[in-house]
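These are the residues of each chain, in order.
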Amino acid sequence: MIVNTDFLSSDCARKASPVLGFERARELAGKHGTPLLVVSRSKLVETYWSMKQALPGVDLYYAAKANPDLNILSTLCAENAFVDICSSGELQAALLAGFTPDRMLHTHPCKTDDNLLNCYAAGVRWFVFDNELEAVKVKRLTPDVKLLMRLAFPAKSSLINLSAKFGAPIESALGLLEAAGRMGLDVRGFSFHVGSQCTDPQDYLQVLRSVRELWDAATERGFGLEVLDIGGGFPAPYTHSVPSMAAFGHVVSEGLRECFGGLPIRIIAEPGRGLSAECTTLVTRVIGKSERWGIPWYYVDDGLYGSFSGKVFDHADFPLVYEGQGEREVARCVVAGPTCDSSDVVCTDQLLPHLEVGELLLVPSMGAYCSASASPFNGLPVANTIGIE
Ligand SMILES: Cc1ncc(COP(=O)(O)O)c(C=O)c1O
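Remember, it's a predicted structure, so these values are computed and weren't measured experimentally.

Rules used in this analysis
- Residues numbered from 1 in each chain as written.
- Predicted model: local features only at pLDDT ≥ 70, side-chain atom pairs only at ≥ 80, totals over all residues.
- Helix = DSSP H or I, 4+ residues; strand = E, 2+ residues; numbered from the N terminus.
- Rg over C-alpha atoms; globule rule 2.2 N^0.38 Å.
- Contact = placed C-beta atoms within 7 Å.
- Buried ≥ 20, exposed ≤ 12 C-beta atoms within 10 Å, placed from the backbone.
- Arc of directions from axis to C-beta.
- pLDDT = per-residue confidence, 0-100.
- Domains from an automatic or database assignment.
- Nonpolar A, V, L, I, M, F, W, Y, C, P; charged D, E, K, R; others polar.
- Axes fitted to C-alpha atoms, helices over the stretch in contact; angles between N-to-C directions.
- Parallel < 35°, antiparallel > 145°, perpendicular 65-115°, else oblique.
- Left-handed = near helix turned anticlockwise from the far one by under 90°.
- Expected span 1.5 Å × (residues − 1).
- Near = placed C-beta within 6 Å.
- Core = buried A, V, L, I, M, F, W, Y, C linked by C-beta atoms within 7 Å.
- Pairing = 2+ DSSP bridges.
- Right-handed = clockwise from strand over helix to strand, strands pointing away.

(A) Region of the structure containing the overall build of the protein chain. Along the backbone of the protein chain there are eleven helices and 18 strands. The C-alpha radius of gyration computed for the protein chain amounts to 22 Å, which stays within 12% of the reference 21 Å derived for 389 residues, consistent with globular compactness. Across its three principal axes, the protein chain shows a C-alpha extent of roughly 70 × 45 × 40 Å. For the protein chain, contacts bridging at least 24 residues in sequence account for 74% of all contacts bridging at least 6.

Structural data, given as structure tokens:
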């Protein structure tokens, strides 16, 4: 089947945009200080339901690693979402938000004993593995859990390859499945991840076709498979726009229909960024400025060690929004973070107007892999997070 992707063109593109305007930002900054991460619960709900609509019949397990903030987890819990956890810390955050263990999937393919035992003790029963030693660990500690086998597929259009470190190569998957079967483990399905910030949904189609072949081979050998986990990868807009959720999801659902339609199985996904990125905007303040070798430098109160850690670990390229966009003359400048580390530079080639100390900047799409990886380096606290309607 050929899926027509003409409609992935720019007219259905999603652009990054702040969840609040400058007036509201000033009011909230006055009350809570800066740097401030503002989570819009209504934006999150809208994103969740547009993903649900774009992927009919797919249960969404929000990948808490993207952002385990309580505003996000509790909002998704209230919408009846499921949650993907990887550690005891994420388990605690999910429990606090109201998720019950039966709505959790533990997706870490290489767990410490404590991680596995703590989550099992709390009642989590679905786990992931991708190699024989991990299967031996599960057999030794928690032999009655249900397992998904994670498969590796090289990322094609994705910014971040998640199959370099994890996932069984497809060629060895049947052998691993049989080894787990000999141990008496209960393997119920396969999972994969096309890589994070995937920009071409056709990548899912190619993977789904390979997984279907493996699925048939496994079923012929008597394995009772019932769950297909298509991972995350759904993109968020940053400085570049991405296809609308409907357009992206349409291609993925067509692939699911082509490869798995008619099978009585449960299909799930583990979206992180695709759910949480857009609902959060950073409000950051200019705390100083200078001119260095003829170029204006603006120092802001959040940087690479804080919310902009997404630039380092997640390779995200965040747009900076200033007040009066399009009305003020702009010039090339450098924007630097607040720490003493000279590598704490947010961008070196930014077009901004002449900014005053105290002026606010808004940074949209800051809800995934930003606060989750921030640190209080240099004794500077990480940004506060608040939820708004
Ligand atoms: C196992 C697993 N599932 C889901 C996700 C979420 O991926 P994304 O944010 O691309 O949706 C990740 C990201 O690292 C992951 O490792």
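(B) Local environment of helix H6 (residues 132-141). The complete set of buried residues in H6 reads Glu134, Ala135 and Val138. Buried residues in H6, looked at end-on, bunch into an arc of 105°, giving them a common side. Exposed residues pointing more than 90 degrees away from the buried face of H6 are listed as Leu133 and Arg140. Residues of H6 that are buried make contact with strand S6 (126-129), strand S7 (146-152) and helix H7 (170-182).

(C) Molecular detail of the confidence of the model for the protein chain. Summarising the model, the protein chain shows a mean pLDDT of 95, and 97% of its residues fall at 70 or more. pLDDT under 50 marks residues 1-7. Its contacts with residues more than four places away, or in other chains, come to nine contacts.

(D) Region of the structure containing the domain arrangement of the protein chain. Taken as a whole, the protein chain is organised into domain 1 (41-276) and domain 2 (280-388). The straight-line distance from the C-alpha centre of domain 1 to that of domain 2 is 33 Å. For the side of domain 1 that touches domain 2, the elements supplying multiple residues, two or more each, are helix H3 (70-78) and helix H10 (273-276). When the residues that make up the side of domain 1 that touches domain 2 are grouped by side-chain class, the tally is eight nonpolar, five polar and four charged.

(E) The arrangement of the packing of H7 against helix H8 (residues 202-220) in detail. The interhelical angle for the contact between H7 and H8, taken along N-to-C directions, is 25°, at an axis separation of 11 Å. Classified by the angle their axes make, H7 and H8 are roughly parallel. Both H7 and H8 take part in a crossing whose hand is right-handed. Judged by residue contacts, Ile170, Ala173, Leu174 and Leu177 of H7 engage Ser210, Leu214, Ala217 and Ala218 from H8.

(F) Quick peek at helix H9 (residues 245-260). With 16 residues, H9 should cover 22 Å at 1.5 Å per step; its first-to-last C-alpha distance of 21 Å lies within 8% of that length. In terms of burial, H9 is largely enclosed, as twelve of its 16 residues are buried. The complete set of buried residues in H9 reads Met245, Ala247, Phe248, Gly249, His250, Val251, Val252, Ser253, Glu254, Gly255, Leu256 and Cys259. Contacts made by the buried residues of H9 are with helix H2 (41-54), H8, strand S11 (242-243) and strand S12 (266-269). Positive phi shows up at Gly262, right after H9, with a value of about 90°.

(G) Representation of the site of the ligand in the model. Close to the ligand lie 18 residues, the nearest being Ala63, Ser196, Gly232, Gly272 and Arg273. Classifying every residue of the shell around the ligand by side-chain character gives six nonpolar, eight polar and four charged.

(H) Broad picture of the nonpolar core. If you look at the biggest cluster of nonpolar residues, it comprises 118 residues, and the most contacted ones within it are Tyr62, Leu73, Val83, Ala94, Leu147, Met149 and Leu151. The contact partners of Leu73, leaving out residues within four places of it in the chain, are Ala64, Pro68, Val83, Ala93, Ala94 and Ala97.

(I) Expanded view of the environment of Ser253. Its location among the elements puts Ser253 in helix H9. A residue is classified by how many C-beta atoms lie within 10 Å of it, and Ser253, with 20 of them, is buried. Counting along the chain gives 199 residues from Ser253 to Ala54, while the straight-line C-alpha distance between them is 7.6 Å. In this structure Ser253 touches Leu55 and Pro56, once residues within four positions along its chain are discounted.

(J) Highlighting the pairing of strand S4 (residues 82-85). Here S4 shows a buried face lined by Phe82 and Asp84 and a second buried face lined by Val83 and Ile85. As paired elements, strand S3 (residues 58-63) and S4 share three bridges and run parallel to each other. Pairing of Tyr62 across the sheet is with Val83, part of S4. The β-α-β motif built from S3, the intervening H3 and the parallel element S4 has right-handed crossover chirality. Pairing between S4 and strand S5 (residues 104-106): three bridges, direction parallel. When the bridges of S5 are listed, Asp84 appears paired with Leu105.

(K) Highlighting the pairing of strand S17 (residues 360-363). Both faces of S17 are covered, namely the face carrying Leu360 and Leu362 and the face carrying Leu361 and Val363. Summarising the sheet, strand S13 (residues 280-292) and S17 pair through four bridges and their orientation is antiparallel. Along S17, the bridge assignment pairs Arg285 with Leu360.

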